[in-house]
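Observations on the three-dimensional arrangement
As a plain string of letters, each chain reads:
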Amino acid sequence: MADKSGAAAPTISTDDFRALVLERGRELYRDLPWRRTRDPYAIWLSEVMLQQTQVSRVDGRWQRWLVRFPDVGTLAAAEPADVLDEWQGMGYNRRALALRTAAQTIAEAGAFPRELDELCALPGIGPATAAGIRAFAFNLPGIYLETNVRTVFLHELFPDAQDVPDSALRPLVQVTCPVDDHDPADDPRTWYYALLDYGAHLKRTLPNPSRRSRSHTRQSAFEGSRRQKRANLVRILLDARAAGEACVTLGTALERLCAIEERAGREPVGEDLVASIMADLEREGFCRACGDDAWSA
């Protein structure tokens, strides 16, 4: 039988599903460093870093970030260039600036928000990230629907279905999440860790079930893209700052980016493209103008 969304009905009962996930969670538990804290700032950082990034890359970078920016106030007061410098290699530089902007709002409020709507009002925090913060920092229930969680629900409850929409999954994610935080073997924090670890295991051992989700999209190629050129220009600005250069002119940015493209075996870029990207970066707060056609990080 199909539900209103067109997806087949779940194949096992909610109770059986919960028992299975908790058992697999105990078997597959990963003792990750961000699971050893209840600090909402540190957990928020891990949630952002883990978006579309392998755990092995985040382990180490998460710790290093917290040495440099140990709390919300330190991050809020940091220079954008310092935040971007620490983020390099993690991809999606916008996330770093969003972290800093959100930290400023939190610092001004004087307390880290706990409610879903307050968290989602912050830059860079969507419903899944907010639910993760609530579950792992505050042990509060919610709909934490990210890729590993989605994988488990698709694999166990919709094994033969294709194009399953999140609208079919959200009510199940909500109803299976425990609301009682007094049982450490089955509270929101433990429950979502179990889903994450079982989902990671399934993705390693099976064809990725999340590909059967309607929300699954293939990421566009990074190599040679405008996105890659943006990232390289940010790195050029940061390197110039570290070398004591007051500004990077359009001509210098073009020359250095073309050198990067040449080393990668790609065609040189044009001045108009570099000027367009630099204008975007300035408008978005990645750099500031320091003269006509010149910028600094």
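Just above sits the structure.
Residues numbered from 1 in each chain as written. Predicted model: local features only at pLDDT ≥ 70, side-chain atom pairs only at ≥ 80, totals over all residues. Heavy atoms only, no water.

Here's the deal with the state of the cysteines
- This structure, assessed with the given rule, holds one disulfide.
- A disulfide bridge connects cysteine 247 with cysteine 290, and the sulfur atoms are separated by 1.9 Å. With cysteine 247 in the loop between α12 (226-242) and β1 (248-249) and cysteine 290 in the loop between β2 (288-289) and β3 (294-296), the pair connects residues that are 43 residues apart, well separated along the chain.
- The exposure class of cysteine 247 is partly exposed, given its relative accessible area of 28%.
- Cysteine 177 forms no disulfide, and the closest cysteine sulfur to it belongs to cysteine 120, at a distance of 15 Å.
- With a relative accessible area of 4%, cysteine 177 lands in the buried category.
- Of all cysteine sulfurs in the structure, the one in cysteine 287 sits closest to cysteine 258, which takes part in no disulfide; the separation is 18 Å. (Disulfide = S-S within 2.5 Å. Helix = DSSP H or I, 4+ residues; strand = E, 2+ residues; numbered from the N terminus. Buried < 20%, exposed > 50% of the residue type's maximum accessible area, 1.4 Å probe, protein only.)

Here we look at the packing of α12 against helix α14 (residues 271-283)
- Where α12 contacts α14, the two axes come as close as 10 Å, and the packing angle between them is 70°. By the criterion of interaxial angle, the relationship of α12 to α14 is roughly perpendicular. Judged by residue contacts, Arg226, Lys229, Arg230, Leu233, Val234 and Leu237 of α12 engage Leu273, Val274, Ser276, Ile277, Met278, Asp280 and Leu281 from α14. (Axes fitted to C-alpha atoms, helices over the stretch in contact; angles between N-to-C directions. Parallel < 35°, antiparallel > 145°, perpendicular 65-115°, else oblique. Contact = heavy atoms within 4.5 Å.)

Points about the side chain of arginine 35
- Relative to the assigned elements, arginine 35 resides in the loop between α1 (14-28) and α2 (40-49).
- In terms of polar contacts, arginine 35 uses its side chain to reach the backbone carbonyl oxygen of arginine 30, at 3.0 Å.
- Engagement of the side chain of arginine 35 in a polar contact is seen with the side chain of aspartate 197, the distance being 2.8 Å.
- If we skip the residues at most four places from it in the chain, arginine 35 touches Tyr29, Arg30, Arg189, Tyr193, Leu196 and Asp197. (Polar contact = N/O pair within 3.5 Å; in protein donor to acceptor, adjacent residues only side chain to side chain.)

Structural notes on the side chain of aspartate 166
- Residue position: aspartate 166 is located in helix α10 (residues 166-176).
- For aspartate 166, the residues in contact, after removing those within four places along its chain, are Leu145, Arg150, Ser213 and Ser215.

Quick notes on the packing of helix α8 (residues 127-138) against helix α11 (residues 188-205)
- At a closest axis distance of 7 Å, the pairing of α8 and α11 adopts a crossing angle of 120°. Here α11 runs oblique to α8, going by the angle between their axes. Regarding α8 and α11, the two cross each other, and that crossing is left-handed. Mapping the contact onto sequence places Ala135, Phe136 and Ala137 in α8 and Pro188, Arg189, Tyr192, Tyr193 and Leu196 in α11.
- Class assignment for the residues of the contact of α8 with α11 results in seven nonpolar, no polar and one charged. (Left-handed = near helix turned anticlockwise from the far one by under 90°. Nonpolar A, V, L, I, M, F, W, Y, C, P; charged D, E, K, R; others polar.)

A look at the nonpolar core
- In terms of nonpolar packing, the biggest core is built from 89 residues, with Trp44, Trp65 and Tyr192 touching the most fellow members.
- The element that contributes the greatest number of residues to this core is α11, accounting for eight residues.
- Once residues lying within four places of it in the same chain are set aside, the contact partners of tyrosine 192 are Ala135, Phe136, Gly142, Ile143, Tyr144, Val149, Val173 and Cys177. (Core = buried A, V, L, I, M, F, W, Y, C linked by side-chain atoms within 4.5 Å.)

Examining the sheet that holds β1
- Reading across from one edge, β1-β3-β2 is the order of the three strands in this open sheet, with antiparallel pairing throughout. Single-partner strands in this sheet number two, and they are β1 and β2.
- Pairing of β2 with β3, which is carried by two bridges, proceeds in the antiparallel orientation. Following the sheet pairing, alanine 289 is matched in β3 by tryptophan 295. (Pairing = 2+ DSSP bridges.)

Quick notes on the pattern of salt bridges
- The tally for this structure, following the rule as stated, stands at 23 salt bridges.
- Between arginine 35 and aspartate 197 there is a salt bridge, with its nearest N and O atoms 2.8 Å apart. On the criterion of sequence distance, the pair formed by arginine 35 in the loop between α1 and α2 and aspartate 197 in helix α11 is long-range, its members being 162 residues apart.
- Accessibility expressed as a relative area gives 7% for arginine 35, which makes it buried. (Salt bridge = Lys/Arg side-chain N within 4 Å of Asp/Glu carboxyl O.)

Let's talk about unusual backbone geometry
- Here tyrosine 92, not a glycine, exhibits a phi torsion of approximately 55°, which is positive.
- Within the secondary structure, tyrosine 92 is located in the loop between α5 (80-87) and α6 (93-109).
- For tyrosine 92, a relative accessible area of 31% corresponds to the partly exposed category.
- Residues other than glycine seldom take positive phi values, yet aspartate 163 does so here, at roughly 55°.
- Examined against the element boundaries, aspartate 163 turns out to sit in the loop between α9 (147-157) and α10.
- The class of aspartate 163 is partly exposed, set by a relative accessible area of 41%.

As for the environment of glutamine 51
- Note that glutamine 51 resides in the loop between α2 and α3 (55-68).
- For glutamine 51, a relative accessible area of 24% puts it in the partly exposed group.
- Linking glutamine 51 and glycine 91, residues 40 residues apart in sequence, is a C-alpha distance of 9.9 Å.
- Setting aside chain neighbours within four positions, we find glutamine 51 in contact with Arg95 and Thr129.

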